[in-house]
Amino acid sequence: VETARRALAARPKLDFAVQKTELVTRFPLFAEMPEDARLRLAGQLRTVYAEPGDVLLEQDAVARSVWFIASGAVEVTQSGQVTRLGRGEMFGELALLLRRPRRARVTAITHSTLLELEEARFMELMRANPALTTLVEARAAKRGLTLDPAIFQPPPPPRRGPFAWLAQVLHPAE
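Described in the following lines is the structure provided in the data block. In this text the structure is predicted, and so the values were computed from the model without any measurement.

**Re the overall build of the protein chain**
Step number 1: For the protein chain, the count of helices and strands is seven helices and eight strands.
Step number 2: Taking all 174 residues of the protein chain together, the buried fraction comes to 37%.
Step number 3: Excluding contacts between residues fewer than 6 apart, the proportion of contacts in the protein chain whose partners are at least 24 apart in sequence is 72%.

And the structure:
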């Protein structure tokens, strides 16, 4: 028993932050990002490990994040059509940007490592990464969808003062 304990203690500890950073650098989409931006992005991503058959997204679910495939493959089933996606691809961005329920079900078909990025962080990434914006716009156009250019603009600064909350209620779109 003591020998087994020593062997376990001698094992190097896993450094998931380094692993995420390495996974992020594998995406051609992020290749042009400065190193410090990639490190920040890696810290914002949540790593998800999936086994074959795991349902990652349900059809009609509320979109709250975007997913990047670091390794493995998934099947996207929509309206009876099945599309396979693999390493380096992303999914879930259009439902999020269009503020619609998800139109597809996504299931892992191999052991997969996925990186999930929540909505606010994804919007920041889009604004800072023109290549990503171009890719997402092209994907939308391929599906016959048009994205409102305003979604790529930074949000207005918060109003200040004692009646700022009232201005938000009266003029929520401004």
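More follows now that the structure is in view.
**A look at the sheet that holds strand 5 (residues 81-86)**
Step number 1: Here four strands make up an open sheet; going across it, the order is 2-7-4-5 and the pairing antiparallel. Only two strands of the sheet have a single neighbouring strand rather than two, namely strand 2 (55-57) and strand 5. Taking each pair of neighbouring strands and ignoring which way they run, the sheet shows an average axis angle of 30°.
Step number 2: In the sheet, strand 2 pairs with strand 7 (residues 105-108) via two bridges, with the strands oriented antiparallel. Looking across to strand 7, one finds that Val55 is bridged to Thr107.

**Concerning the nonpolar core**
Step number 1: Ranked by size, the top nonpolar core spans 30 residues in total, and within it Phe30, Phe68, Phe122 and Val136 carry the most contacts.
Step number 2: For this core, the secondary-structure elements that each account for two or more residues are helix 2 (16-26), helix 3 (35-44), strand 3 (65-71), helix 4 (93-98), strand 8 (112-118), helix 5 (119-128) and helix 6 (130-142).
Step number 3: Those residues within four positions of Phe30 in sequence are excluded, and the remaining contacts are Val24, Arg38, Leu41, Phe68, Leu125 and Asn129.

**Considerations on the pairing of strand 7**
Step number 1: Bridge count between strand 4 (residues 73-78) and strand 7: four bridges; the pairing is antiparallel. Residue Thr77 lies in a different strand from strand 7, and its bridge partner there is Arg105.

**Re the pairing of strand 5**
Step number 1: As defined by bridge partners, strand 4 adjoins strand 5 across six bridges and the pair is classed as antiparallel. Note that in strand 5 the partner of Gln78 across the bridge is Gln81.
Step number 2: Here strand 4 hands over to strand 5 after two residues, with Ser79 in that stretch at a positive phi of 50°.

**Here we look at the environment of Asp148**
Step number 1: Along the chain, Asp148 turns up in the loop between helix 6 and helix 7 (164-170).
Step number 2: Spatially, the C-alpha atoms of Asp148 and Leu98 are 8.4 Å apart, while their sequence positions differ by 50 residues.

**Description of the packing of helix 5 against helix 6**
Step number 1: In contact at an axis separation of 5 Å, helix 5 and helix 6 are set at 105° when each is read in the N-to-C sense. Considered as vectors, helix 5 and helix 6 are oriented roughly perpendicular to each other. Residue-level contacts link Phe122, Leu125, Met126 and Ala128 of helix 5 to Pro130, Leu132, Thr133 and Val136 of helix 6.
Step number 2: For the contact of helix 5 with helix 6, a count of residues per class yields seven nonpolar, one polar and no charged.

Conventions and cut-offs
- Residues numbered from 1 in each chain as written.
- Predicted model: local features only at pLDDT ≥ 70, side-chain atom pairs only at ≥ 80, totals over all residues.
- Heavy atoms only, no water.
- Helix = DSSP H or I, 4+ residues; strand = E, 2+ residues; numbered from the N terminus.
- Buried < 20%, exposed > 50% of the residue type's maximum accessible area, 1.4 Å probe, protein only.
- Contact = heavy atoms within 4.5 Å.
- Pairing = 2+ DSSP bridges.
- Axes fitted to C-alpha atoms, helices over the stretch in contact; angles between N-to-C directions.
- Core = buried A, V, L, I, M, F, W, Y, C linked by side-chain atoms within 4.5 Å.
- Parallel < 35°, antiparallel > 145°, perpendicular 65-115°, else oblique.
- Nonpolar A, V, L, I, M, F, W, Y, C, P; charged D, E, K, R; others polar.

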